[in-house]
Amino acid sequence: SSETFWTTTGMFPQEFIIGFPKCVKITKVAIQCYLVRTLRIERSISKDPVGFEQCIEKDLQHTEGQLQMEEFPLPDFQATYLRFIIKSAFDHFVSVHRVMAEGT
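Residues numbered from 1 in each chain as written. Predicted model: local features only at pLDDT ≥ 70, side-chain atom pairs only at ≥ 80, totals over all residues. Heavy atoms only, no water.

Per an unreviewed UniProt entry, the protein is named IFT25 protein, and its organism is Eudyptula minor.

**What about the side chain of Gln 68?**
This is how it is decided: A run of DSSP states H or I qualifies as a helix once it reaches four residues; a run of E qualifies as a strand once it reaches two. Both are numbered from the N-terminal end. Definition of a polar contact: a pair of N or O atoms within 3.5 Å, with one able to donate and the other able to accept a hydrogen when the atoms are protein atoms, and with sequence-neighbouring residues admitted only if both atoms are side-chain atoms.
In this fold, Gln 68 is placed in strand E5 (residues 68–89). At a separation of 3.0 Å, a polar atom in the side chain of Gln 68 contacts the main-chain carbonyl oxygen of Gln 61.

**Overview of the pattern of salt bridges**
How we decide: When a carboxyl oxygen of Asp or Glu lies within 4 Å of a side-chain nitrogen of Lys or Arg, that pair is called a salt bridge.
If you walk through the whole model with that rule in mind, you get nine salt bridges. Via salt bridges that share partners, Glu 15, Arg 40, Glu 42, Glu 57, Arg 83 and Lys 87 belong to a single interconnected network.

**Description of the sheet that holds strand E3 (residues 36–44)**
The cut-off we apply is this: Two strands are said to pair when DSSP picks up at least two bridges between them.
Judged by pairing direction, the sheet is antiparallel, and its six strands sit side by side in the order E1-E6-E2-E5-E3-E4 without closing on themselves. Lying at the two open borders of the sheet, with one neighbouring strand each, are strand E1 (6–7) and strand E4 (53–59). Where E3 and E4 come together, six bridges link them in antiparallel fashion. Opposite Thr 38, over in E4, you have Asp 59 as the bridge partner.

**Quick word on the side chain of Thr 80**
Inclusion rule: For the exposure calls, accessible area comes from a 1.4 Å probe over protein chains only, and a residue counts as buried if that area is under 20% of its type's maximum, exposed if over 50%, partly exposed in between. In this analysis, two residues are considered to be in contact whenever any of their non-hydrogen atoms come within 4.5 Å of each other.
When you line up the elements, Thr 80 lands in strand E5. Judged by relative accessible area, which is 6%, Thr 80 ranks as buried. Not counting chain neighbours up to four residues away, the residues in contact with Thr 80 comprise Ile 18, Gly 19, Phe 20, Lys 22, Cys 23, Ser 44, Ile 45 and Ser 46.

**Some details on the packing of aromatic side chains**
Inclusion rule: When the centres of two rings from Phe, Tyr and Trp lie within 6.5 Å, Trp using its six-membered ring, the rings pair. Their planes under 30 degrees apart give stacked, over 60 give edge-to-face, and anything left gives tilted.
Enumeration over the complete set of coordinates arrives at two aromatic pairs. Consider the rings of Trp 6 and Phe 16, whose centres lie 5.0 Å apart with planes at 55°: the pair is tilted. Placement of Trp 6 in strand E1 and of Phe 16 in strand E2 (residues 14–34) is noted, with a sequence separation of 10 residues between them. What makes Trp 6 partly exposed here is its relative accessible area of 29%. Judged by relative accessible area, Phe 16 falls into the buried class, the value being 15%. With a centroid separation of 4.9 Å and an interplanar angle of 10°, the aromatic rings of Phe 16 and Phe 84 are classed as stacked. Separated by 68 residues along the polypeptide, Phe 16 in strand E2 and Phe 84 in strand E5 bring together distant segments of the chain. In this structure Phe 84 comes out as buried when scored by relative accessible area, which is 0%.

**What about the environment of Ile 45?**
Relative to the helices and strands, Ile 45 resides in the loop between E3 and E4. The exposed category is assigned to Ile 45, whose relative accessible area is 55%. Along the backbone, Ile 45 and Ile 31 are 14 residues apart, and their C-alpha atoms lie at a distance of 21 Å. In this structure, Ile 45 is in contact with Cys 23, Gln 78, Ala 79 and Thr 80, ignoring residues within four places of it in sequence.

What follows is the structure, encoded as C-alpha cells:
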C-alpha cells in the first residue's frame, strides 16, 4: 500500500529482509525511500535467511522533500531472501515506502 511505510528507529545500520516462497530469478530491484544515504542489498539462496552475500552498495542522492527512487538492474541474479541494510542516512530517521522486485 502506498499509504504505509517502514521507518527506522534512529540508529544505523538498520535492516529488513524480504523472503520469497522459493528461489527466484530477479532482473531488477527498485526502492522508494526517504532520507537514505547509503543502502546495501544482500541476497541469500538458502532455504532459511542465512548466508547472505553482498550484491549492491550505493550512496543515494539526497532529494529534499520528496521520495528517493532507485533502480538496481540485476542480470542473472537468483535469491530466496533479500536483505536491505540502511548503513547511513541524511537524518536520524528514514522511511521505506515501496520495494519492487521484477523477474520470474
